[in-house]
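Structural characterization, general
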Amino acid sequence: MGRRGKKKGRPVSGWLVLDKPWDFGSTEAVSKIKWLFKADKAGHAGTLDPLASGMLPIALGEATKTVPYVMDGRKIYEFTVAWGQQRNTDDLEGEVTAESDTRPERAAIEALLPDYTGVIEQVPPAFSAVKIAGERAYDMARGGEVVEIPAREVEIHRITLLGCPDADHAVFEVECGKGTYVRALARDFGRDLGCYGHISALRRSMVAPFAESAMVPLSELVALEEIEDEAERLARLDAFLVPAGEVLVSLPRIDISDDQAHRLKMGNSIILRGRDAPVATDDACAFARGALVAIGEVAGGEFHPRRVFKS
C-alpha cells in the first residue's frame, strides 16, 4: 500500500490580529491559529517574546505573501523596566549578572529619553534571533558562548515615560521602527542611569497598519471549538480575518479590469493607461472588483507582477 499523504489544510486567506497571551511563544501561537482555522499555511509579522503579550499579526494562506509589508510597519509597545538588576536575557527570564542599590530619579529618566529618540545605534540582546555566522545568537548564548553582536541603526519615533509606580520600576511607551529591541532599551537605560535595568513587563499594542481595536484574544477563538458543526465553526473564525489587500495601504493602488487581472494571474505584464496610472515605483498593488490580484513593479508604463494572488 502507498503511504497516505499528509492532509492538506483549506485555502483560507487573510490576516488575524491576535492578542497573544503572556507565556505563549510566537511559533506556538501561529501553530495554534493554523490548526484552529485548518489553514494550509501560516506566518507571522514580528516575533513577540514568550513573556510579552499583545499584538501578533498572523497571515493565513495567500496573505503570507504580504508579510514583508507588515514587518516594516511601525510598532507601539508599553513596557516596564525594573531597576537594580541586569539579566543576561534583559528580561525576567534570565539570570542576574549585575546588581545595584542605586535608583534613578524621575527627572533623570526624563532627561535621558531625548538621547533615545530618532535614529540611534542599538546592540541587540545576546538572547535574540540575530544570526552570527549563520547561527542564531540565542543558541550561542544558551550554549555558554560569549555573543558579540555589532550595533545597528534603529528608529525611535517617540518614547514617553508613563509613570514611576515605585522606586524600583518605571513604565514607558515607545513607538519604533523595524528591528528595535525593547529589551535592549531597558538594558541601556539602566546602564546610562548607573543602576542597571531589565524588562519586567512588555505588551505590544500596535503593528501598523493594524489598530489596537482589531486584536482578538486567543481565548475567544479557542471558545469556538465548542461549535460541533465544522462549517459553522470555520465561518465564525473566518469572520475575524482581515483581507490581505487591507495591509497594503502604503502602496500605490491600481484598479484593473477582469481581462487585465487574468493576464496578471498568468504572470504577464499589463499596460497602464490614464492620468491616474502611478509613475515608476518598485511596489504597487493591483485590484480587480475590490480584490487584491498582484503586487509588482511599475516601469515603462507597465505593471510587472511579482507576487500574484489566487482569487
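Placed above this text is the structure.
Attention in this report is confined to the structure presented alongside it. (Residues numbered from 1 in each chain as written. Predicted model: local features only at pLDDT ≥ 70, side-chain atom pairs only at ≥ 80, totals over all residues. Heavy atoms only, no water.)

Here we look at the overall build of the chain
When helices and strands are counted, the chain shows eight helices and 18 strands. With the C-alpha coordinates of the chain rotated into their principal frame, the extents come out at 70 × 55 × 40 Å. When each of the 311 residues of the chain is scored for burial, the buried share is 47%. For the chain, contacts bridging at least 24 residues in sequence account for 69% of all contacts bridging at least 6. Surface summary for the chain: the accessible area is close to 16300 Å², and the carbon and sulfur share equals 48%. The centroid of the 39 positive side-chain charges in the chain is displaced by 9 Å from the centroid of its 48 negative side-chain charges. (Helix = DSSP H or I, 4+ residues; strand = E, 2+ residues; numbered from the N terminus. Buried < 20%, exposed > 50% of the residue type's maximum accessible area, 1.4 Å probe, protein only. Contact = heavy atoms within 4.5 Å. Areas by Shrake-Rupley, 256 points an atom, 1.4 Å probe, with all protein chains shown as cover. Lys, Arg positive; Asp, Glu negative; His and termini not counted. Charge placed at Lys NZ, Arg CZ, Asp CG, Glu CD.)

Some remarks on the nonpolar core
The biggest cluster of nonpolar side chains holds 27 residues, and the ones touching the most others in it are Phe79, Trp83, Ile159, Phe172, Val174, Leu185 and Phe189. When residues of this core are traced back to their parent elements, those giving at least two are strand 4 (75-83), helix 3 (106-112), strand 10 (152-166), strand 11 (169-176), helix 5 (182-192) and strand 12 (197-207). Each residue touching phenylalanine 79, except ones within four places of it in the same chain, is listed here: Ile159, Ala170, Val171, Phe172, Val174, Val182, Leu185, Phe189, Ile199, Ala201 and Leu202. Formed by 22 residues, the second largest nonpolar core is a distinct cluster that contains Ala59, Val242, Leu251 and Cys285. (Core = buried A, V, L, I, M, F, W, Y, C linked by side-chain atoms within 4.5 Å.)

Points about the environment of aspartate 258
Structurally, aspartate 258 is set in helix 8 (residues 258-265). Considering only alpha carbons, one finds aspartate 258 and phenylalanine 287, 29 residues apart in sequence, at a separation of 9.6 Å. Residue contacts for aspartate 258: discarding those within four places in its chain leaves Ala288 and Arg289. Looking at aspartate 258, its side chain comes within polar contact range of the side chain of arginine 289, at 2.7 Å. (Polar contact = N/O pair within 3.5 Å; in protein donor to acceptor, adjacent residues only side chain to side chain.)

Some words on empty space enclosed by the protein
The final tally for this structure, using the stated rule, is one cavity of 30 Å³ or more. The volume enclosed by the largest cavity comes to roughly 80 Å³. Lining of the largest cavity is provided by Trp22, Asp49, Leu51, Ala52, Asp91, Leu92, Arg183, Ile199, Ser200, Ala201 and Leu202. By residue number, the principal contributor to the lining of the largest cavity is strand 12, which donates four residues. When the residues that make up the lining of the largest cavity are grouped by side-chain class, the tally is seven nonpolar, one polar and three charged. (1 Å grid on protein atoms, 1.4 Å probe; cavity = no way out; pocket = protein on both sides within 12 Å on 5 of 7 lines; lining within 4 Å. Points joined across faces, edges and corners; volume = space filled by probe spheres on them. Nonpolar A, V, L, I, M, F, W, Y, C, P; charged D, E, K, R; others polar.)

Thoughts on the layout of surface pockets
Here the largest pocket is characterised by a volume of approximately 1000 Å³. Breaking the lining of the largest pocket down by element, the ones donating at least two residues are helix 1 (26-37), strand 4, helix 4 (137-142), helix 5 and strand 12. In terms of residue count, the dominant contributor to the lining of the largest pocket is helix 1 (three residues). Considered class by class, the residues forming the lining of the largest pocket number 13 nonpolar, 11 polar and 11 charged. In this structure, the second largest pocket encloses a volume near 340 Å³.

Looking at the sheet that holds strand 18 (residues 302-308)
Taking strand neighbours across the sheet as the criterion, the five strands line up as 14-16-17-18-15 in an open arrangement whose pairing is mixed. Strands with a single pairing partner mark the edges of an open sheet, and in this sheet they are strand 14 (253-255) and strand 15 (270-271). (Pairing = 2+ DSSP bridges.)

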